[in-house]
Structure formats: C-alpha cells, structure tokens
Amino acid sequence: MIRILVTGANGQMGQALQSISNQFIGFEFVFLASKVLNISNIEDCNRNFEHYKPNICVNFAAYTNVEKAEEEIELAYQVNAEGCKNLAEVCLLYDTTLVHLSTDFVFDGQQNTPYRISDTPNPINVYGASKWKGEQYIQHFLVKYYIIRTSWVYSEFGHNFRNTMLKLAQTKSEINVVNDQIGCPTYALDICHFMMNLISTKKYGLVHFRGDRICSWYDFAVSIFEENNIDIKVNPIRTTEYPTKAKRPQYSVLE
Ligand SMILES: NC(=O)c1ccc[n+]([C@@H]2O[C@H](COP(=O)([O-])OP(=O)(O)OC[C@H]3O[C@@H](n4cnc5c(N)ncnc54)[C@H](OP(=O)(O)O)[C@@H]3O)[C@@H](O)[C@H]2O)c1
C-alpha cells in the first residue's frame, strides 16, 4: 500500500481529492487539515512525517488569497515559500516524494503565446512571487518531486470563481466581469486524476496542466450561468474598470 499524506485537506483541491480517493486502489490517503499540519511549522511537519512515514506527500496547502497577499506579504511567504522549504526538508529526510501544485501566476502574462515550462517566471504580485519561491525551494532540495503548475481551478468544492458566480447570481440580476484577462479554467477533479497518473510515471520534475478551453473570465462566467440555467445579465468590462490591489497577468495560458 502506498501512503499519501495530503496537506491543506479542507481546501478546494483537498476536498476534491477526498471525494474520489476511494477510486485509487493500492493507495492509502491521510488527509490533514491546517490545524493538524501547519506547513509553516517545521515541528508540525516533522511530527506528522515521523508518525505517518508517507511514501508521497501531496501539498495542497497554500496561502491563496491573491488580494490579501499584497498586505499580508510575510504570511504569504511563510506558507507558500517557507512551507514548501519545510516540506522539502522532511521529504528528503523520510525519502518521501513531494507532489506540489503551483500556478500560472508565476508568469507576468505579457506573452501572447502559451507559457512553456522552459519560460522564466516573472511574477507580478505577491502571491505569484511567493509561489515561485516555493517552487525554487523544492527544486533546490529534492530530486523526487512533481511540481504541477495549473490555472483557474474550479469545482463544486470550496472557494473558486464558479462558486462565487453562482452565489452572486442568488442576489444579483446583473454583474460585471473582466473580459481582457485570458486563461484556462481547469477542473479540480481533472487535476486529481492527472496527478495520480503522473505519480506512477516516476518522471519527476515540473509540468503544466490546464483545461482545454482558452477564454476570458467573462466567457467563463457566461458558460457557468448557461450550464446552470441561470438568467442573469453579464457585462464584459476591462481590467482598468475593476481596480484591484494585486496585478493580474493579462494572458495566463500554460502550454
Ligand atoms: N484555486 C486556483 O485557481 C489555483 C490555481 C492555480 C494553482 N492553485 C494552487 O492549488 C493549490 C490548492 O489550491 P486550492 O484552490 O485548493 O486552495 P484553497 O481552497 O485556498 O485551499 C488551501 C488550503 O491550504 C490551507 N492552508 C493555508 N495555510 C496553511 C498552512 N500554513 N499549513 C497548512 N495548510 C494551510 C487552508 O486551510 P485553512 O482554510 O484552514 O487556512 C486551505 O484548506 C494551491 O497550491 C494553489 O496555489 C490554485
């Protein structure tokens, strides 16, 4: 039996994997929420690794609030960078393979062709920069790792754009959605299946995984409402009409 320890178990990806974990024969999953395993705390990491001695650690734990990260810079780095360093250190100690999710936000979005794994990251906000630092720690410490960069994750679980749109539709008859940021919505359960296939390949390293469709947030919102038979007016707006603290990449397509 291969034991997989999953961090950040109560987040969107953690819930998604929990919902299908019984499909993966030969694997035993240990799902740990942030209260049990705070990845920023090396003692927490050591204690849980000593107890479970996992063959694989899937790191879904992250500071994911892109807006708040611009103010809580230290906290974002503590989780997304130092947390990865801690996990990399204990993975090395216990000969555990680390599977880590990273993001399209490591790139600046200035290209107009899909970003390759060979392209150099150049994050334009704190969240992206902290995630990039986390990737670097993992690559520095480990050989047995998979870093999966993905984008615009959605599902029926937790916080994500789909669920935000559906919630907004309960109280609004008209909404404005940005139409000049381009990316690829990626279904959380597709990431789980991709990840579980990937770990059997032993082809370690960095990989990009994203949904097939390239679209704007506006296009994505329209599809969400259509699929759920919701009648709401959606107005396309420019990024400049929706000011945010954190800059967003204009073109966020992963190859
Ligand atoms: N969502 C996206 O669109 C997207 C896109 C690209 C990549 N990703 C990456 O995919 C991964 C999973 O994202 P997600 O959508 O599942 O995010 P999420 O729903 O925000 O879940 C993140 C989880 O991490 C936990 N966490 C925060 N700080 C922690 C710490 N110090 N120690 C342990 N756990 C901690 C949170 O627990 P609490 O709630 O208890 O704090 C939460 O359960 C992240 O690495 C993210 O960067 C996400």
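In case you missed it, the structure is sitting above this.
On a predicted model such as this, the values are computed, not experimentally measured, just so you know.

(A) Quick look at the packing of aromatic side chains. Enumeration according to the criterion identifies 14 aromatic pairs in this entry. Both rings, one in Phe105 and one in Tyr127, keep their centres 5.9 Å apart while their planes meet at 75 degrees; by these two values the pair is edge-to-face. Separated by 22 residues along the polypeptide, Phe105 in the loop between β4 (97–103) and α5 (126–141) and Tyr127 in helix α5 bring together distant segments of the chain. When its relative accessible area of 10% is taken as the criterion, Phe105 is described as buried. Residue Tyr127 is classed as buried on the basis of its relative accessible area, which comes to 11%. Here the aromatic rings of Phe194 and Phe209 are separated by 4.3 Å at their centres, their planes lie at 15 degrees, and the arrangement is stacked. With a gap of 15 residues between them, Phe194 in helix α7 (residues 188–198) and Phe209 in the loop between β10 (205–208) and β11 (215–216) connect regions that are remote in the sequence. Here the aromatic residues Trp152, Tyr154, Phe161, Tyr187, Trp217 and Phe220 are joined through ring pairs into a cluster of three or more. A cation over a ring is seen here: Lys133 above Tyr137, with NZ or CZ 5.2 Å from the ring centre.

(B) Representation of the site of the ligand in the model. For the ligand, the set of nearby residues contains 23 residues, the closest of which are Ser34, Asn38, Thr64, Tyr127 and Lys131. Between the ligand and the protein, one listed contact pairs an oxygen atom with a backbone N or O atom of Ala62 at 3.2 Å. The contact in question runs from an oxygen atom of the ligand to an N or O atom on the side chain of Tyr127, over 2.6 Å. Burial of the ligand by the protein amounts to 78% of the accessible area it has alone, namely 900 Å². Top contributing element to the shell around the ligand by residue count: β4, with three residues. Of the residues that constitute the shell around the ligand, the class distribution is eleven nonpolar, eleven polar and one charged.

(C) Local environment of unusual backbone geometry. Phi angles above zero are rare outside glycine, and Asp95 is one such case at about 55 degrees. Given the relative accessible area of 53%, Asp95 is considered exposed. Non-glycine residue Asn229 carries a positive phi angle of around 50 degrees.

(D) Here's a closer look at helix α4 (residues 73–94). Across its 22 residues, α4 extends 31 Å between first and last C-alpha, which sits within 8% of the 32 Å expected from 1.5 Å per residue. Glu82 marks the point of greatest bend in α4, at about 35 degrees. Among the residues of α4, those classed as buried are Ala76, Val79, Asn80, Ala81, Gly83, Cys84, Asn86, Leu87, Ala88, Val90 and Cys91. Buried positions along α4 lie against β1 (2–7), α2 (42–52), β3 (56–59), α3 (66–69), β4 and α5. Asp95 occupies a position one or two residues after α4 and carries a positive phi of about 55 degrees.

(E) Geometry of the nonpolar core. Membership of the largest hydrophobic core comes to 29 residues, with the highest contact counts inside it found for Phe49, Cys57, Leu87, Leu98, Ile138 and Leu142. If you list the elements that add at least two residues to this core, you get β2 (27–32), α2, α3, α4, α5 and β5 (145–150). With seven residues, the single largest contributor to this core is α4. Dropping the residues within four chain positions of it, Cys57 is found in contact with Leu5, Thr7, Phe49, Leu87, Cys91, Thr96, Thr97, Leu98 and Val99. Counting residues in hydrophobic clusters, the runner-up holds 25 residues, among them Ala16, Phe24, Val99 and Phe157.

(F) Quick look at the side chain of Ser155. The residue Ser155 is located in the loop between β6 (153–154) and α6 (161–171) in this model. Residue classification places Ser155 among the buried residues on the basis of a relative accessible area of 0%. A polar contact is formed between the side chain of Ser155 and the side chain of Gln12, at a distance of 2.9 Å.

Definitions and limits used
Residues numbered from 1 in each chain as written. Predicted model: local features only at pLDDT ≥ 70, side-chain atom pairs only at ≥ 80, totals over all residues. Heavy atoms only, no water. Phe/Tyr/Trp six-rings, centres within 6.5 Å; stacked < 30°, edge-to-face > 60°. Helix = DSSP H or I, 4+ residues; strand = E, 2+ residues; numbered from the N terminus. Buried < 20%, exposed > 50% of the residue type's maximum accessible area, 1.4 Å probe, protein only. Lys NZ or Arg CZ within 6 Å of the ring centre and 35° of its normal. Near = heavy atom within 4 Å. Polar contact = N/O pair within 3.5 Å; in protein donor to acceptor, adjacent residues only side chain to side chain. Areas by Shrake-Rupley, 256 points an atom, 1.4 Å probe, with all protein chains shown as cover. Nonpolar A, V, L, I, M, F, W, Y, C, P; charged D, E, K, R; others polar. Expected span 1.5 Å × (residues − 1). Bend = angle between axes of the 7 residues up to and from the residue. Contact = heavy atoms within 4.5 Å. Core = buried A, V, L, I, M, F, W, Y, C linked by side-chain atoms within 4.5 Å.

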